[in-house]
Amino acid sequence: MRCTSNASISNIYKLNGQVPLGKAIPFGVQHILAMFVSNLTPIILIGASSGLDQAKTALLLQNAMFIAGIATLIQLYPVWRIGSGLPIVMGVSFTFVTILTYVGGTYGYGAVVGAVLIGGIMEGTLGLLAKYWRKIITPVVAAAVVTTIGYSLLTVGIRSFGGGYTEDFGSPKNLILGTVTLVACLLFNIFAKSFWKQLSVLFGLVVGYILASVMGMVDFSGILEGGFIALPSLLPVMPEFHVGAIVSVAIIFLVSAAETIGDTSALCATGLEREVSEKEISGSLACDGFASTLSGLFGCPPVTSFSQNIGLITMTKVVNRFAIMTGAVCMLLAGLFPPIGAFFASLPDAVLGGCTIMMFGSIMVSGVQMLARAGFNQRNTTIAALSLSVGIGATSATEAGIWHVFPQIIQDVFGGNCVAVVFVVSILLDLLLPKDMEIHKI
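What counts and what doesn't
Residues numbered from 1 in each chain as written. Predicted model: local features only at pLDDT ≥ 70, side-chain atom pairs only at ≥ 80, totals over all residues. Heavy atoms only, no water. Helix = DSSP H or I, 4+ residues; strand = E, 2+ residues; numbered from the N terminus. Rg over C-alpha atoms; globule rule 2.2 N^0.38 Å. Buried < 20%, exposed > 50% of the residue type's maximum accessible area, 1.4 Å probe, protein only. Contact = heavy atoms within 4.5 Å. Phe/Tyr/Trp six-rings, centres within 6.5 Å; stacked < 30°, edge-to-face > 60°. Lys NZ or Arg CZ within 6 Å of the ring centre and 35° of its normal. Axes fitted to C-alpha atoms, helices over the stretch in contact; angles between N-to-C directions. Parallel < 35°, antiparallel > 145°, perpendicular 65-115°, else oblique. Left-handed = near helix turned anticlockwise from the far one by under 90°. Nonpolar A, V, L, I, M, F, W, Y, C, P; charged D, E, K, R; others polar. Core = buried A, V, L, I, M, F, W, Y, C linked by side-chain atoms within 4.5 Å. Salt bridge = Lys/Arg side-chain N within 4 Å of Asp/Glu carboxyl O. Expected span 1.5 Å × (residues − 1).

1. Quick word on the overall build of the chain
Regarding its fold elements, the chain presents 16 helices and two strands. For 442 residues, the compact-globule estimate of 2.2 N^0.38 gives 22 Å, and the C-alpha radius of gyration of the chain, at 21 Å, lies within 12% of that figure. Each principal axis of the C-alpha distribution contributes one length, and for the chain these read about 70 × 50 × 50 Å. The buried share among the 442 residues of the chain stands at 56%. The long-range share in the chain, meaning contacts at least 24 apart out of those at least 6 apart in sequence, stands at 81%.

Shown next as structure tokens:
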């Protein structure tokens, strides 16, 4: 795509329109940096539980970057009915970590690949048929799901802020690094002028990375270990098909579909200031599903819309597809040139946490705003209050054993996934409660 004489920096706030390439790239890179580490972490966790060696895991990490770039491009510029045409960034989803860790540890990583292949086709097909079932995802259900997505990411942000899943979590150096990064983001947002204000996250990441380098918290030793160029590897792990694994993962694909509907709805509501269309929902889900199947062919877990980037759009209002496309191309390059991926992967968790805390909170606020647009009538209030209470409360009480009476598969799917519980409870309430619950004066 080439820039034309109509290219303008003001187009960053428009879905379509050209932005000068030199000014578009920083916005695209900002989106990629916001999700880069989170895109790779699920593979490390699932691979470790499945017994993969370091070389195989490194190969899957490279594949994941390449697939995330391809999937993002399809979302931005649809192929047939696959893709929403919205500025949705795709990446390997944390939603599947719990169930795929269980599947990998029980059946082996081949079963993970097989279940992802089948589950992706299922969700993609559901996406293409969305017009037949879309109405069950009413505004109040979508609002409850988006609010819960934001809530579930708050601990992710704090975990990153403290240093991630490391032995020195919460150490003074991690807290200092996270705090400096957060303050840099805020100060840049306060004092920067014009469109530069929207690059506050990128500025914070740069400041944090430089400080981390000075503090000796960045490991540069592995940047050239993978060579300078390497093509992604097709079927690095041969798929295996186990009914139990496929059923378990298929259920989580339904939960992921609810998250995608929530993400797509939140993006339209907060970034484009309009309601999401049925076509956009259908294309977004189809891309989630079929791109996940493609991801499985390259040995990776499912790829879905990234809530982190929805939060970034909510914060900056930058929705231009061309600008975000430059970030997707950077992700593709990271998958083809291992040193690029290794450089970005060296970004310390504390730096990422300092930049994402406010973004994740923005998603939860977006859910509240969606609920306000749905209306605080008696019926909507009951659905939101009960689904949030049961979903967040029951998953927070997991350690107390509240799920122990249920079969193992129910515990695996719902025990630690508040989004799944809120999704199911809100839909059931929306289907079962009477349409008119208002108190009428006699």
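2. Re the packing of aromatic side chains
Tallied over the full model, the rule gives four aromatic pairs. Summarising the aromatic geometry, the rings of phenylalanine 188 and phenylalanine 203 are spaced 4.5 Å apart at their centres and angled 20 degrees between planes, so their arrangement reads as stacked. Here phenylalanine 188, found in helix H6 (residues 172-191), pairs with phenylalanine 203, found in helix H7 (residues 200-214); they are 15 residues apart in sequence, far enough to count as distant. Sitting above the plane of the tryptophan 80 ring, arginine 81 keeps its charged end 5.3 Å from the centroid. One residue, arginine 159, lies across the ring of phenylalanine 169, its end atom 4.2 Å from the ring centre.

3. Section: the environment of isoleucine 121
Here isoleucine 121 shows up in helix H4 (residues 109-128). Taking the C-alpha atoms as reference points, isoleucine 121 and threonine 293, 172 residues apart in sequence, are found 6.3 Å from one another. Every residue in contact with isoleucine 121, bar those within four places of it in the chain, is listed here: Gly289, Phe290 and Thr293.

4. Some thoughts on the packing of helix H5 (residues 139-161) against helix H14 (residues 378-396)
Relative to each other, H5 and H14 sit at 30 degrees, their axes nearing to 10 Å. Our classification of the angle between H5 and H14 gives roughly parallel. Seen along the crossing, H5 lies across H14 with a hand that is right-handed. For the pair H5 and H14, the contacting residues are Val140, Ala144, Thr147, Thr148 and Tyr151 in the first and Asn380, Ile383, Ser387, Leu388, Ile392 and Ser396 in the second. Of the residues in the contact of H5 with H14, the class split is six nonpolar, five polar and no charged.

5. With respect to the environment of isoleucine 357
With respect to the secondary-structure elements, isoleucine 357 resides in helix H13 (residues 349-374). Note on isoleucine 357: relative accessible area 27%, which makes it partly exposed. Separated by 196 residues in the primary sequence, isoleucine 357 and phenylalanine 161 have C-alpha atoms spaced 7.9 Å apart. Beyond its immediate stretch of four places on either side in the chain, isoleucine 357 contacts Gly157, Ile158 and Phe161.

6. Brief notes about the nonpolar core
Among the nonpolar cores identified, the biggest contains 123 residues, and Leu100 and Val249 are the most heavily contacted of them. The element that contributes the greatest number of residues to this core is helix H8 (residues 243-272), accounting for 13 residues. Apart from the residues within four sequence positions on either side, leucine 100 is in contact with Ile46, Val112, Val116, Val249, Pro301 and Pro302.

7. Digging into unusual backbone geometry
Here the phi dihedral of tryptophan 80 falls at roughly 60 degrees; this positive angle occurs in a residue that is not glycine. Position of tryptophan 80 relative to the elements: it lies in the loop between helix H2 (54-76) and strand E1 (90-92). Judged by its relative accessible area of 64%, tryptophan 80 is exposed. Located in the positive-phi region is glutamate 273, a residue other than glycine, with phi close to 55 degrees.

8. Thoughts on the pattern of salt bridges
Tallying each qualifying case throughout the model produces three salt bridges. With a shortest N-O distance of 2.6 Å, glutamate 280 and arginine 274 are connected by a salt bridge. Judged by its relative accessible area of 10%, glutamate 280 is buried. For arginine 274, a relative accessible area of 33% gives the class partly exposed. With a closest N to O distance of 2.8 Å, aspartate 430 and arginine 379 form a salt bridge. Within this pair, whereas aspartate 430 is found in helix H16 (residues 418-432), its partner arginine 379 is found in helix H14, the two being separated by 51 residues in sequence. The pair aspartate 430 / arginine 379 is uniform in exposure class, with both members buried.

9. Some thoughts on helix H9 (residues 278-297)
Taking 1.5 Å as the rise per residue, H9 with 20 residues should run 28 Å; its terminal C-alpha atoms sit 29 Å apart, in good agreement. Along H9, 15 of the 20 residues are buried, which leaves the element largely enclosed by surrounding structure. With its phi angle positive at about 80 degrees, glycine 299 sits one or two positions after the end of H9.

Shape is all these values report; function is a separate question.
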